[in-house]
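Working through the structure, step by step
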Amino acid sequence: MRSRIVGLAVAATVLAITLFGVPLAVAVFSYAMQVERSQLERVADAVAITIAADVYEQHQVDGFEEIDGPSYVDVTLYDEDGDWLAGAWPGIDRLDGQEPELAQALGGGVGWGTDDGDLSVVVPVTHADEVIGAAQATAPRSAVLAKVAPVWAAMAALAALAVATTWLLGHRQARRLALPLEGLAVAARRLGDGDFSVRTRRGGVPEIDAVGSALDSTAARLDDLLARERAFAADASHQPRTPLTGLRLRLEAAAERPDRDARPAVAATLPDTDRLQATFEELLALTRDPRAHRAYPIDLTVLLEDLAPEWRSRLALQGRHLDVRITPGTPDPCASAAAVRQVLAALVDSATTHGTGTVTVTAREAPGAVAIDVATEGPGVQEPEGVLVARPADQPDGHDIGLTLARRLVEAEGGRLELTRPSPPAFTLLLPWAIEEAPTEPLTPVVASPDGDWRGSPPESDVPPPPVITTRS
């Protein structure tokens, strides 16, 4: 690239110099010839005026040698018949009277000519408007070339300087353009090798800097996406642990009673196996891209009725119960059903971990959103909400890792997940309304009271109202 830029710049300069320099050099030579002819004509006129009287009276012609003029100029005088009269000897072959410039001068005009490389100007010698002879001034062409040569040398030096300057500027500009591109190539190669921390240097060329900025943005997005996917995958790996634990407990309970028929236990584990398979499939799909699934209106009644048997069987192993309530008039949310199922599973698992007694799941309408509350009894959560939903995926006990995943899934769906009451514990999932289901005016929110009943807004000391989110357009 550098050699091409430099070569193109030098070639363009040489072409420009050739197109303008050669005609200019020819013009300089032509101008020098014009100046030389004008000078020869002045010398010839001065000689003609000086010798006119002597030629007319046929006296000896002298004194013309003192005429001021260049030393290389030769003066020759002719009579009215074209015969040599005085001055420089023209040569035998030039005395035949056939020279056109001499004939033109004897006819009363000014003759111009070039003979054997010499320039000559012939003017008439007159007396009382009568042509009585001719005066010829001759100069060698080499004299003109001697005057033009310095000008041509200066032009050639300027041309060489222009080419050298162009080469230097082209080399510098090529380096300025090539270095950022070479940096972009290195950065793209490192990015292709998986180094998302690569950043490009700015080279001062707006177009190349724009490419570098786009490459930096791509690397940053890929780095962030990869980090989020790794964290998501680590958190999502916790989700199947709870159904696997329930499945293990069922099988262990059946194994402790070998005298009983195992077919009922096997039949009871088949639905758990199907749900576990569905969980794995949903998690794999969500792990690839949590935002890949388009949000559609969700029928809460169907969704909760589909999930309730699994939750009840899981709680039954601990001697606990599940209560699912849907407040009349609750609109359907707009979200990914797979993501909502995983979030609710994480909330029920957390309620099972942090509480005792009955777990209550209530779907209701909140200002600008659809709220699903998951509450239980017992002492509740002893840790701040920020710590509860930000546990690392590799902690030994494995508790509440699903809440981190749940919050990521909810935020990806445009909703929010909050701990609305630490004791007894209550979590609230807020999802956007489905556009076609959204009521024109939000109704008064309904929240859980300390005794587990669902009524109007509780006292401020019991449960804070859930936060408001903005519906998605």
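Residues numbered from 1 in each chain as written. Predicted model: local features only at pLDDT ≥ 70, side-chain atom pairs only at ≥ 80, totals over all residues. Heavy atoms only, no water.

On to the nonpolar core, then. Ranked by size, the top nonpolar core spans 35 residues in total, and within it Trp-311, Leu-344, Leu-347, Val-361 and Leu-429 carry the most contacts. Counting residues per element, the ones that place at least two in this core are helix H7 (300-316), helix H8 (337-354), strand E9 (356-366), strand E10 (369-377), helix H10 (401-412), strand E11 (416-421) and strand E12 (426-431). With eight residues, the single largest contributor to this core is H8. (Core = buried A, V, L, I, M, F, W, Y, C linked by side-chain atoms within 4.5 Å. Buried < 20%, exposed > 50% of the residue type's maximum accessible area, 1.4 Å probe, protein only. Helix = DSSP H or I, 4+ residues; strand = E, 2+ residues; numbered from the N terminus.)

In this section: a nonpolar patch on the surface. On the surface, a nonpolar cluster with roughly 360 Å² of combined accessible area is contributed by Leu-15, Leu-19 and Phe-20. Tracing the backbone through its elements, the reader meets Leu-19 in helix H1 (residues 2-56). (Patch = residues over 30% accessible without salt bridge, like charges linked within 9 Å, V, L, I, M, F, W, Y side chains within 5 Å. Areas by Shrake-Rupley, 256 points an atom, 1.4 Å probe, with all protein chains shown as cover. Salt bridge = Lys/Arg side-chain N within 4 Å of Asp/Glu carboxyl O.)

For an α-helix the count is 3.6 residues per turn, leaving residues at separations of three or four pointing the same way. For H7, spanning 17 residues, the distance from its first C-alpha to its last is 23 Å, which sits close to the expected 24 Å at 1.5 Å a residue. Most pronounced at Ala-308, the bend in H7 amounts to some 35°, and the proline Pro-309 follows within four residues. Listed in full, the buried residues belonging to H7 are Leu-300, Leu-303, Leu-304, Leu-307, Ala-308, Glu-310, Trp-311, Ser-313, Arg-314 and Leu-315. The opening residue of H7, the one whose side-chain oxygen lies 3.2 Å from the backbone nitrogen of Thr-301, is Asp-299. (Expected span 1.5 Å × (residues − 1). Bend = angle between axes of the 7 residues up to and from the residue. Polar contact = N/O pair within 3.5 Å; in protein donor to acceptor, adjacent residues only side chain to side chain.)

Averaged over the protein, the pLDDT score is 75; the fraction of residues at 70 or greater is 74%. Taken as a whole, residues 391-401 scores under 50 in pLDDT and shows 18 contacts with residues more than four places along the chain or in a different chain. Counted against residues more than four places away or in other chains, residues 436-473, with its pLDDT under 50, gives 81 contacts. (pLDDT = per-residue confidence, 0-100. Contact = heavy atoms within 4.5 Å.)

Let's shift gears to unusual backbone geometry. A negative phi angle characterises most non-glycine residues, just as the trans form characterises most peptide bonds. Residue Ala-128 is not a glycine yet carries a positive backbone phi of 55°. Assignment of secondary structure puts Ala-128 in the loop between strand E4 (118-127) and strand E5 (130-140). One non-glycine residue, Asp-129, lies in the positive phi region at around 65°. Tracing the chain through its elements places Asp-129 in the loop between E4 and E5. Judged by relative accessible area, Asp-129 falls into the exposed class, the value being 82%.

With that settled, the discussion passes to the sheet that holds E9. Read across the sheet, five strands follow the order E7-E9-E10-E12-E11 without closing on themselves; strand pairing throughout is mixed. Strand pairing shows two members of the sheet lacking a second neighbour, strand E7 (322-326) and E11, which therefore form its edges. In this sheet, adjacent strand axes meet at a mean angle of 15° when their direction is disregarded. Sheet topology places E7 next to E9; five bridges connect them, and they run parallel. When the sheet's bridge partners are listed, Arg-325 is paired in E9 with Thr-362. The strands that H7 touches are E7, E9 and E10; relative to E7, the one it contacts most, it runs at about 170°. (Pairing = 2+ DSSP bridges. Axes fitted to C-alpha atoms, helices over the stretch in contact; angles between N-to-C directions.)

As a general feature of sheets, a regular strand has side chains that alternate between the two faces. By the bridge criterion, six bridges tie strand E1 (residues 74-79) to E5 in an arrangement that is antiparallel. Bridge pairing links Asp-74 to Thr-138 in E5. Taken together, the three bridges between E1 and strand E2 (residues 84-87) define a ladder with antiparallel strand orientation. Bridge pairing links Thr-76 to Gly-87 in E2.

Next up on the list: a negative patch on the surface. Where like charges cluster on the molecular surface, the negative patch consists of Glu-80, Asp-81, Asp-83 and Glu-130. Within the secondary structure, Glu-80 is located in the loop between E1 and E2. (Lys, Arg positive; Asp, Glu negative; His and termini not counted. Charge placed at Lys NZ, Arg CZ, Asp CG, Glu CD.)

What follows deals with H8. Helix length check: H8, at 18 residues, gives a terminal C-alpha distance of 26 Å against a target of 26 Å (1.5 Å per residue), a fit within 8%. Burial within H8 is extensive, with 15 of its 18 residues counted as buried.

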